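# Fold and geometry: a report
For reference, the chains in residue letters:
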Amino acid sequence: IDAEDNHLVYGLGPDGRLLSVEGRLTLHYREPTLNHFTTYISIVLKDHKPKTVAQQPKVVKEELQKTDMEQAISASRQAQSQTEMPYEEAIQKVDTITEKTDSKEVYLVFSSLKADVIQNPDHANTLVSKILATKERDESSRRRLSTMFGALAQSESPAIAESLAQLASQCPDNFCKVQAIVGLNDHPQPYAANAAKMLEIANQTTDNEIDGTALLAAGSIGKKLSLPELPKVLIDDLNDPAKVGLKSAVIAAMGNHGSGDYYPTLKSTLTGKDSNLRAAAVYSMRYLPNEEVNGVLIDVVQKETDKSVTNEAFKALQYRNLTDEQYLLQRKTIEEEAYFFFGFSHDS
């Protein structure tokens, strides 16, 4: 799930039950081919009648960056505490979660565990022990594991990020390992050593699922921290003949990291024969700080013959700050394609 391209607004009732969800969600798939899908979501609980809300003015990305995140987190915690169950109750109830447990109950358990490990990072050891003690992999057990991993991933302690990195090795099977790696990918305060651990796991395993997930996590950690050595490692991996089956994952990891050092490598990939790699490379340019990126993306939009690659270029352009001229070039291409396929223009 692309953390940079999500905007979901949750409507909660006084008891904490979810009443509505509105917004956008982007998912990235590695298999059977590399694809990205954006879904616009509008869900309302049956028989619930939401209050009419006046349309809000649009806000540009630059203004969103000025949000006081500490204040927002504090307000979120305060609202959460009003519906939270006590930690002692949550740590017992996590063992009773099944595939049939009401989602509200699971959320309350998760919410309590999350709040507790934020306030008491040492309590994460209890969750780690429970995770390793859970040997079954039926739907109920997986739901319990996901609840505990989710709480660890949402914590703010680098020590808990380290616990997730260790679980990525200690877990007995792929399901548990992937949960740990994805949790580390999402953790807001990882250590630089966690990225090195993910690269170590990627180099030691022969399992493509573990390898690809670990590479993506390394890229995400690199985006959160200053890791000047990471670009060389990923570029070497991309050129390693022994890792030819992981090229898409390595390119996606570059995209997660977003370092300008990847620009020459990603640009050269756009001339290759494999359209899946071209699509991955063009989307992975979305965060690059290089000024040339906008021109390259627009050139892909205008000249690329494979529609899957063109679609990824359009998605990447959504993240970019375009000049007026660049915006008009992009819009002109969209209008021309609409006319070709449907016989009408944007103004129609």
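Summary of the structure given here. Remember, predicted model here, so these are calculated numbers, not experimental data. Residue indices begin from 1 for each chain and proceed along its sequence in written order. In keeping with the model being predicted, local features are shown solely for residues with a pLDDT of at least 70 and side-chain atom pairs are shown and tallied solely at 80 or more, while totals for entire chains, interfaces and linings include all residues. Each side-chain value is derived from all of the structure's non-hydrogen atoms; neither hydrogens nor water enter the calculation.

### Focus: the packing of helix H5 (residues 124-133) against helix H7 (residues 158-170)
Defined as follows: To obtain each axis, a line is fitted to C-alpha atoms, and for helices this fit is confined to the stretch in contact; angles are then taken between N-to-C directions over 0 to 180 degrees. Secondary structure elements are taken from DSSP: a helix is a run of H or I of four residues or more, a strand is a run of E of two residues or more, and numbering for both begins at the N terminus. Our angle categories are set so that under 35 degrees counts as roughly parallel, over 145 as roughly antiparallel, 65 to 115 as roughly perpendicular, and the remainder as oblique. By definition, any crossing whose near helix is turned counterclockwise from its far helix by less than a right angle is left-handed, and any crossing with a clockwise turn is right-handed. For this analysis, residues touch if any pair of their heavy atoms sits within 4.5 Å. Under this grouping Gly is polar, as are all residues other than the nonpolar Ala, Val, Leu, Ile, Met, Phe, Trp, Tyr, Cys and Pro and the charged Asp, Glu, Lys and Arg.
Where H5 meets H7, the axes come as close as 11 Å, and the angle between the chain directions of the two elements is 15°. Relative to H7, the element H5 is oriented roughly parallel. The element H5 and its partner H7 pack so that their crossing is right-handed. Of the residues in H7, those touching H5 at Ala 124, Val 128, Ile 131 and Leu 132 are Ile 160, Ser 163, Leu 167 and Gln 170. Residues of the contact of H5 with H7, tallied by class, amount to six nonpolar, two polar and no charged.

### Description of a nonpolar patch on the surface
Short version of the rule: Only residues whose relative accessible area exceeds 30% and that take part in no salt bridge are eligible for patches, with like-charged residues grouped when within 9 Å of each other and nonpolar side chains (Val, Leu, Ile, Met, Phe, Trp, Tyr) grouped when within 5 Å. Areas reported here follow the Shrake-Rupley algorithm with a probe of radius 1.4 Å; residue values treat only the protein chains shown as occluding. Salt-bridge detection follows one rule: a side-chain nitrogen of Lys or Arg within 4 Å of a carboxyl oxygen of Asp or Glu. Three exposure classes are used, based on accessible area relative to the maximum for each residue type with a 1.4 Å probe and protein chains only: buried under 20%, partly exposed in between, and exposed over 50%.
Residues Tyr 10, Leu 12, Leu 18 and Tyr 107 make up a contiguous nonpolar surface patch of roughly 400 Å² in combined accessible area. The residue Leu 18 is located in strand E2 (residues 18-29) in this model. What makes Leu 18 partly exposed here is its relative accessible area of 39%.

### Notes on helix H9 (residues 192-204)
Spelled out, the test is: Given the number of residues in a helix, its expected span is that number minus one, multiplied by 1.5 Å. This arc describes the spread of directions from the helix axis toward the C-beta atoms.
Helix length check: H9, at 13 residues, gives a terminal C-alpha distance of 19 Å against a target of 18 Å (1.5 Å per residue), a fit within 8%. If you check which residues of H9 are buried, you get Asn 194, Ala 195, Met 198, Leu 199, Ile 201 and Ala 202. Buried residues of H9, viewed axially, fall in a sector of 160°; they line one side. Those residues of H9 that are exposed and aimed more than 90 degrees away from the buried face are Ala 193 and Gln 204. Elements in contact with the buried residues of H9: H7, helix H8 (174-186), helix H10 (208-224) and helix H11 (230-238).

### Regarding the pattern of salt bridges
Tallied over the entire structure, the rule returns ten salt bridges. A salt bridge links Lys 197 to Glu 200; its shortest N-O distance comes to 3.8 Å. Of the two residues, Lys 197 and Glu 200 both sit in helix H9, three residues apart, roughly one turn of that helix. In this structure Glu 200 comes out as partly exposed when scored by relative accessible area, which is 37%. Measuring nitrogen to oxygen at the nearest pair gives 3.1 Å for the salt bridge that ties Asp 299 to Lys 303. With Asp 299 and Lys 303 both in helix H15 (residues 292-303) and four residues apart, this pair spans about one turn of that helix.

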